[in-house]
Amino acid sequence: MNVVGIIAEYNPFHNGHKLQLDYAKNVLKADIIVVAMSGSFTQRGTIACSNKYNRAHMALLNGADIVLEIPTIFATASAKEYASASVKLINSLGVVDTLLFGSETDDVNLIIEGAKNVIAYEGCQEYEDIIHSYVSKGLSYPAARQMALEGVIDPNLINTPNNILAFEYTKYILENNLPLKIASIKRQGNSYNCNTLSGALSSATSIREGLIKGIDVREAMPQNAHEILQNNTVIHEDDISILLHHKLLSEDDFSIYEDCSIDLSNKINKYKHSFITFSNFCSKIKSKDLSYARISRTLCHILLGITEKEFEEAKKNGYISYIRLLGFTKNGATLLGTIKEQSSLEIYTSGNNALSKYDIISSDIYRIIETNKTKTSLPNEFTRKFELTNL
């Protein structure tokens, strides 16, 4: 049996994602596709536009067979840690043969060779010295790291979000000698950060912007995915504003949270009394050495209570301690028994006390927002019934 793994956010699921699933089926000849997906919050540090069950359902209707949730503590992390945890989750199943990702290059060997060069270079003192010199000049660590790497890797391989993640996935696989083959599909359509719809192959960013503005986005999504989105509540990143504002006003030291330096903590304190919305606040404190994404991730960690200490402990404990199942098809069900045999981790289909507290907190916050917008009582992680996608 040929099993292909994909790491995704599906925020929301669009035609580009459908192309990737079709590629896995038709080109890689996958018998089963397993997706590791972000839950209520994303790697950019923003709340997802549709709840994780809806997004999992979109994927299952369009070719995925099993959808798993990436733990919140790592789903909202920097690219390196997000990639490490996601690959670890895919590999922990003991059944996946190939990891497939999207990138801006159609030559996966360039990514593999680049990753090998960087692995060798990161063991040198010269690398650390260069990073330190850039940080001392005011650059953030990620920016300094990218500058240091440009001497050993083509800058085009690490200057776009998809390529950065593809590079980190590959690097983690090689560093840990994981038995995963690596495959890539070239990204099509407009760029990841493009916020203007451009037809059938529009970016998730532009689709979300279109939803906010009330623009028809159906051309950019499979019909069944669009129907799910239309029939459910769409959430915007600013919907967390009130909860976040209260959190910021109730504390003074934010440096205990993951991704938050003392300087950033001071900056948050300086401007928090002029807080209007989440997006406005990110833009207000953004600077040359503090990207919007870095700030939004930090604010997300503050809202969810993810401290640097607990983040490091989760890493030390191996990133993944259980498998959270969000949905599967009849075809996917044929593999679950094998996963139970091959994996040392427990599989959970609903919320219980074994789940990370951050998975529960993030789901509760999402439910609070959905409840407020729909004026409807919704089930929590402990009372929600698991539903098999009948495919």
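The structure contained in this document is the topic of the report that follows. Predicted, not measured: the structure shown is a model, and the values here were computed from it. Numbers given to residues run from 1 along each chain, matching the order in which its sequence is written. Given that this is a predicted model, residues contribute local features only at a pLDDT of at least 70 and side-chain atom pairs are listed and counted only at 80 or more, while totals for whole chains, interfaces and linings are drawn from all residues. Note that the side-chain values use all heavy atoms of the structure and ignore hydrogens as well as water.

For the rest of this paragraph, the subject is the overall build of the protein chain. Strands here mean DSSP runs of E at least two residues long; helices mean DSSP runs of H or I at least four residues long; both are numbered from the N terminus. Along the protein chain, the regular secondary structure elements total 17 helices and seven strands. Our radius of gyration is a C-alpha quantity, and the globule rule it is checked against amounts to 2.2 Å times the number of residues to the power 0.38. Here the protein chain has a C-alpha radius of gyration of 20 Å; the compact-globule value for 391 residues is 21 Å, and the two agree. Seen through its C-alpha atoms, the protein chain measures out along the principal axes to roughly 55 × 55 × 45 Å. When the 391 residues of the protein chain are sorted by exposure, 52% land in the buried category. Taking all contacts inside the protein chain whose residues are at least 6 apart in sequence as the whole, residues at least 24 apart take part in 73%. Using the Shrake-Rupley algorithm and a 1.4 Å probe, accessible areas are obtained, with residue cover drawn only from the displayed protein chains. If you sum the accessible surface of the protein chain, you get close to 17,100 Å²; carbon and sulfur atoms cover 49% of it. None of His or the chain ends enter the tally, which takes Lys and Arg as positive and Asp and Glu as negative. Each charge is placed at NZ for Lys, CZ for Arg, CG for Asp and CD for Glu. The centroid of the 39 positive side-chain charges in the protein chain is displaced by 4 Å from the centroid of its 44 negative side-chain charges. When accessible area is computed with a 1.4 Å probe and restricted to protein chains, residues below 20% of their type maximum are described as buried, those above 50% as exposed, and intermediate ones as partly exposed. Residue contacts are defined here by distance: any two heavy atoms, one from each residue, within 4.5 Å place the two residues in contact.

All right, on to the sheet that holds strand β4 (residues 98-103) then. Two strands form a pair only when DSSP identifies at least two bridges running between them. Strand order in this open sheet of seven strands is β5-β4-β1-β2-β3-β6-β7, and the pairing throughout is mixed. Sheet topology places β5 (181-186) and β7 (347-348) at the edges, where each strand pairs with a single neighbour. Alignment of strand β3 (residues 66-70) against strand β6 (residues 323-328), held across four bridges, turns out to be antiparallel. Paired with Ile66 across the strands is Phe328, a residue of β6. Structural elements are reduced to axes, namely lines fitted to C-alpha atoms, with helices fitted over the stretch in contact, and the angle between N-to-C directions of any two is expressed from 0 to 180 degrees. In the packing of helix α1 (residues 15-26) onto the sheet, the strands contacted are β1 (3-8), β2 (32-38), β4 and β5, and the crossing angle to β4 comes to about 145°. Along the sheet, helix α2 (residues 52-61) contacts β2, β3 and β6; its crossing angle with β6, the most-contacted strand, is approximately 55°.

To pair, rings of Phe, Tyr and Trp, with the six-membered ring standing in for Trp, must have centres within 6.5 Å; the planes then decide the type, stacked if under 30 degrees apart, edge-to-face if over 60, and tilted in the middle. For the coordinates displayed, the defined rule picks out eight aromatic pairs. Centre to centre, the rings of Tyr172 and Tyr319 are 6.3 Å apart; their planes meet at 90°, and the pair counts as edge-to-face. Here the residue Tyr172 occupies a position in helix α8 (residues 161-175), and Tyr319 occupies one in the loop between α15 (308-316) and β6, the gap between them amounting to 147 residues. Given the relative accessible area of 11%, Tyr172 is considered buried. An aromatic cluster is defined as three or more aromatic residues linked by ring pairs; in this entry it consists of Phe74, Tyr172, Phe311 and Tyr319. By definition here, charges over rings are those cases where NZ of Lys or CZ of Arg is within 6 Å of the ring centre and within 35 degrees of the ring normal. Note that Arg384 overlies the ring of Tyr53, its terminal NZ or CZ placed 3.6 Å from the centroid.

Take the nonpolar core next. The set of buried Ala, Val, Leu, Ile, Met, Phe, Trp, Tyr and Cys residues whose side-chain atoms join them within 4.5 Å is what this entry labels a nonpolar core. Ranked by internal contacts, the top residues of the largest apolar core, which has 89 residues, are Ile268 and Leu299. The contact partners of Leu299, leaving out residues within four places of it in the chain, are Leu244, Leu248, Ile268, Phe278, Phe281 and Cys282. Core analysis: the second largest hydrophobic core is formed by 29 residues, Tyr10, Ala59, Leu60 and Ile185 among them.

It is worth spelling out the side chain of Asn54 at this point. Take Asn54: it is sitting in helix α2. Side-chain polar atoms of Asn54 contact the side chain of Ser50, separated by 3.3 Å. Counting of polar contacts relies on pairs of N or O atoms within 3.5 Å, with two restrictions inside protein: one atom must be capable of donating a hydrogen and the other of accepting it, and residues adjacent in sequence are counted only when both atoms are side-chain atoms.

This part takes up the packing of helix α11 (residues 241-249) against helix α14 (residues 292-304). As a packed pair, α11 and α14 sit with axes 9 Å apart at the nearest point and diverge in direction by 80°. When the interaxial angle is binned, α11 and α14 end up roughly perpendicular. From α11, Leu243, Leu244, Lys247 and Leu248 reach across to α14, where they touch Leu299, Ile302 and Leu303. Classifying every residue of the contact of α11 with α14 by side-chain character gives six nonpolar, no polar and one charged. Should an angle fall under 35 degrees it is called roughly parallel, over 145 degrees roughly antiparallel, and 65 to 115 degrees roughly perpendicular, with every other angle called oblique. Under the scheme applied, nonpolar residues are Ala, Val, Leu, Ile, Met, Phe, Trp, Tyr, Cys and Pro; charged residues are Asp, Glu, Lys and Arg; polar residues are all the others, including Gly.

Our next topic: the side chain of Ser296. Mapped onto the elements of the fold, Ser296 is located in helix α14. Taking the relative accessible area as the measure of exposure, Ser296 reaches 0% and is therefore buried. A distance of 2.4 Å separates a polar atom in the side chain of Ser296 from the backbone oxygen of Arg44. Sequence-distant contacts of Ser296, defined by excluding residues within four places in its chain, comprise Arg44, Gly45, Thr46, Phe278 and Cys282.

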